[in-house]
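# Observations on chain architecture
The residues making up each chain are set out below.
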Amino acid sequence: MRRVRLLVFNAALGPLDYRVPESMAAEPGSVVIAPLGPRQILGIVWEPERLPASEVPDARLRPLLEALPVPPLREPLRRLIEWTADYYVAPIAAVARMALSSGAALRGGGTVTEYRLSGEEPERLTPQRAAALDALQGEQATIRELAELASVSEGVLRGMVNAGLLEPVTVDIDRPYRHADPDHSLPDLNPDQQSAAGRFVEAVQAAVFSPFLLDGVTGSGKTEAYFEGIAAALRGDRQVLVLMPEIALTENFLARFAARFGAAPVVWHSSLKSTERRRAWRAIAFGDAQVVVGARSALFLPFARLGLIVVDEAHEVSFKQDDGVRYNARDVAVMRARFEGCPAILASATPALESLQMAEAGVYEKLDLPDRFGGAHLPNIRTLDLRETPPERGRWLAPPLVELLRDRLDKGEQSLLFLNRRGYAPLTLCRNCGYRFQCPNCSAWLVEHRLSRRLACHHCGHETPPPETCPECGEPDCLVACGPGVERIADEVAEILPDAQVAVVTSDTVNSPGRAAVFVAQVEAGAIDVIVGTQLVTKGYHFPELTLVGVVDADLGLEGGDLRAAERTYQQIAQVAGRAGRGEKPGEVLIQTRHPEAAVISALAAGDRDAFYSAETEARREAGAPPFGRWAAIIVSSEDEAEARDAARAVGGSAPNLPDVLVLGPAPAPLSLLRGRYRYRLLINARRSTQLQDIIREWLEPLRFPPGVRVGIDIDPYSFV
Ligand SMILES: [Zn+2]
Ligand SMILES: [Zn+2]
């Protein structure tokens, strides 16, 4: 009799043992359906020696019901799942679930019916149908997805099918993707790019674990260099994963990819339609998808023959996931490459200190691209001391910056203003009584968004229309905006330069690949003179006519207690400065600041990256911060404030008393109320060599909490809110 152990997805159950029926193939990694009481559950067959459970006698084992028609999860992915669960102190089932990220994909092929506009001209239209007709131009999807796209009910669309306005299309759900051709259009690389590309090709051909740090200034052609590694993988019939920090920003990458390889890569992100998700998942698992570009969730996809992993903009904070399994995709990507036995390339113009340290220690091979491609020069960077040269009252742009904007407009060149604050104003209050608009679910101010006419919480998504009267004192039309957001800066530009075409670029306005494409096309066509944007515009874009970058408030990122604040500020401003002067015309950057003497700002102005990194390295070494020491956070939360506080005290009260391990807290989190939950934090600082995870496991294991309490563990935290 054959017996197997299953990893199942119900956190309350441990691993479960089953009998394998005679006719069934079940090996480690197989995805199966098993009986549990009267229900059927999904499971993954796992090596029993790696997944301890209490033994059930043979006679009591129930048989598996079905092995699903997908390839077994391969050993490197199983080891990655185990490693991630262990390192981040997360339930293994929660990690494994990220690998089975399309339920529909687990079933065999077939067809699905999608709908598109038939082109039929209706005689009379209800307003809803008219809106749907508008919204669905060029779209094809299932009724449910179209209803979501058009913001109408499925009933409205069914009516339109009956009226012949929408026509059905039968789609093979597993139709293959177009193949990329490594020789489609060979690049013209400079010597530095060539030598980096050469190393990537060698490493891909050798098919062994080899981590690279590709350190190139903005505009140096890092993408073209690692494309040659991708070409080598394609020639060797191996798959490639390219991780991007934000998938809405990949337009430029997709265009360059298609130009080099003659076909688009497979795209993976959380807003894929379910049929696209299913098709991509299966193509990846069966080895048909050659190159996958994705956000961090792509990291756990079941590749059949992975030959290369690229992490682009590897310094980006958005690779760190802050809920569910709290992992850092950059670090897990390197581990996946280790298990798969393939190279990993971390590409960045402003690498994380941790990555530079790994290169210095000889763990990563560092490849440098010190010059801009095609002879373009790095922009000239200056600071503007707002204490000496303040903006006019009620404005945010100082006169010298306004002059530069005017000059660019006269010359027909483009400018970019950077302020990492969405919306119109970060705080809204009542002019009569001083009432501050606060989120009901979070300890955070509501942010006014004038473009969409709402007050919004950026932490939980709570939204409300701006009230006509103050909820506190009843005064009408009393709202006063405090401080600037990008929308307010855009208004200011429109007042100063009435002829300028201004575009606001944030995750509110450019929130899909389609909208990003429209934005890029407008800038390229010269239809936009001034871009006002958040960190969304700091990376990836390549606009040759953009010659001026203004940083509205360089000090903003330095506020708050984040231990990486200086590094993040340096990275953001260096990245946004890198958008200037990428073509033949030279670029200029003006940084507005009240602290031009701060180490970060003066290093940026002097273009002295080494000075910044060595100052930051010393500060981290002294603070025992990564990469020299380790941090972890324990976040205790509950909807009941007293319950959260008591649970946090219980955790704090049983903290281990160990040399070299410092436990801070519990203290109310800076965001002490988030999505309706009260939060307390403990911070643990330890030596680099400490087995921090084991300490935390032993510490928390004996503790019991009321059912409403959640205890989250964040290893190597990025957010301290
Ligand atoms: Zn009031
Ligand atoms: Zn909120």
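Sequence order as written defines the numbering, with residues in each chain counted from 1. Lettering for chains starts from A, numbering for ligands starts from 1, and both go in the order in which the items are written. The model is predicted, so local features are restricted to residues of pLDDT at least 70 and side-chain atom pairs to those at 80 or more, both for listing and for counting; the totals for chains, interfaces and linings are taken over all residues. Computation of side-chain values covers all heavy atoms of the structure but excludes hydrogens and water.

## Some thoughts on the coordination of the zinc ion (ligand 1)
Donor selection uses N, O and S atoms within 2.8 Å of the metal (3.2 Å for Na, K and Ca). Since no water is included, sites may look incomplete. Surrounding the zinc ion (ligand 1) are the protein donor atoms C430 (SG), C433 (SG), C470 (SG) and C473 (SG), which sit 2.2 to 2.4 Å from the metal. Classification of the site at the zinc ion (ligand 1) as tetrahedral follows from its four donor atoms and the range of 108 to 111 degrees in their angles at the metal. Counting gaps between the donor residues of the zinc ion (ligand 1) yields the pattern C-x2-C-x36-C-x2-C. Tetrahedral means four donors with every angle between 85 and 135 degrees, whereas square planar (four donors) and octahedral (six donors) require angles over 155 degrees between opposite donors and between 65 and 115 for all others; sites fitting neither are termed irregular.

## Here we look at the pairing of strand β8 (residues 210-216)
Throughout, exposure labels follow a simple rule: accessible area from a 1.4 Å probe, protein chains only, divided by the maximum for the residue type, with under 20% read as buried, over 50% as exposed, and the rest as partly exposed. Numbering of helices and strands starts at the N terminus; helices are DSSP runs of H or I of at least 4 residues and strands are runs of E of at least 2. With seven of seven residues buried, β8 is to be regarded as a mostly interior element. Where β8 meets strand β13 (residues 343-348), six bridges bridge the pair, whose relative direction is parallel. Of the residues in β13, the one forming a bridge with S210 is P343. Note on pairing: DSSP must find at least two bridges between two strands before they are called paired. Pairing of β8 with strand β14 (residues 365-369) involves five bridges; the strand directions are parallel. The residue bridging L213 from the neighbouring strand is K366, located in β14.

## Observations concerning the pattern of salt bridges
Each salt bridge in this description consists of a side-chain nitrogen of Lys or Arg and a carboxyl oxygen of Asp or Glu lying within 4 Å of one another. Applying the stated rule across the entire model yields 53 salt bridges. Across the salt bridge formed by E75 and R79, the nearest N and O atoms sit 2.8 Å from each other. With E75 and R79 both in helix α1 (residues 75-87), this residue pair falls four residues apart, about one helical turn. Note that D407 is salt-bridged to R408, the shortest N-O span being 3.0 Å. A relative accessible area of 30% places D407 in the partly exposed class. In the salt-bridge network here, residues are joined through shared partners; they are E47, R50, E75, R78, R79 and E82.

## Digging into the packing of aromatic side chains
Centre distance within 6.5 Å is the pairing criterion for rings of Phe, Tyr and Trp, where only the six-membered ring of Trp is used; planes under 30 degrees apart are then read as stacked, over 60 as edge-to-face, and the remainder as tilted. For the structure shown, the criterion picks out 18 aromatic pairs. Taken together, a centroid distance of 5.7 Å and an interplanar angle of 90 degrees make the contact between F227 and F257 edge-to-face. Taken together, the positions of F227 in helix α7 (residues 222-235) and F257 in helix α8 (residues 251-261) put the pair 30 residues apart, joining distant regions of the chain. Here F227 and F257 have matching classes, each one buried. Consider the rings of Y435 and F437, whose centres lie 5.0 Å apart with planes at 85 degrees: the pair is edge-to-face. A relative accessible area of 26% places Y435 in the partly exposed class. A connected cluster of aromatic rings, assembled from ring pairs, spans Y226, F227, F253, F257 and F261. Charge over a ring is defined by NZ of Lys or CZ of Arg lying within 6 Å of the ring centre and within 35 degrees of the ring normal. Cation over ring: R450 sits above Y424, and NZ or CZ is 3.7 Å from the ring centre. The lysine or arginine in question, R564, covers the ring of Y718, its NZ or CZ lying 3.8 Å from the ring centre.

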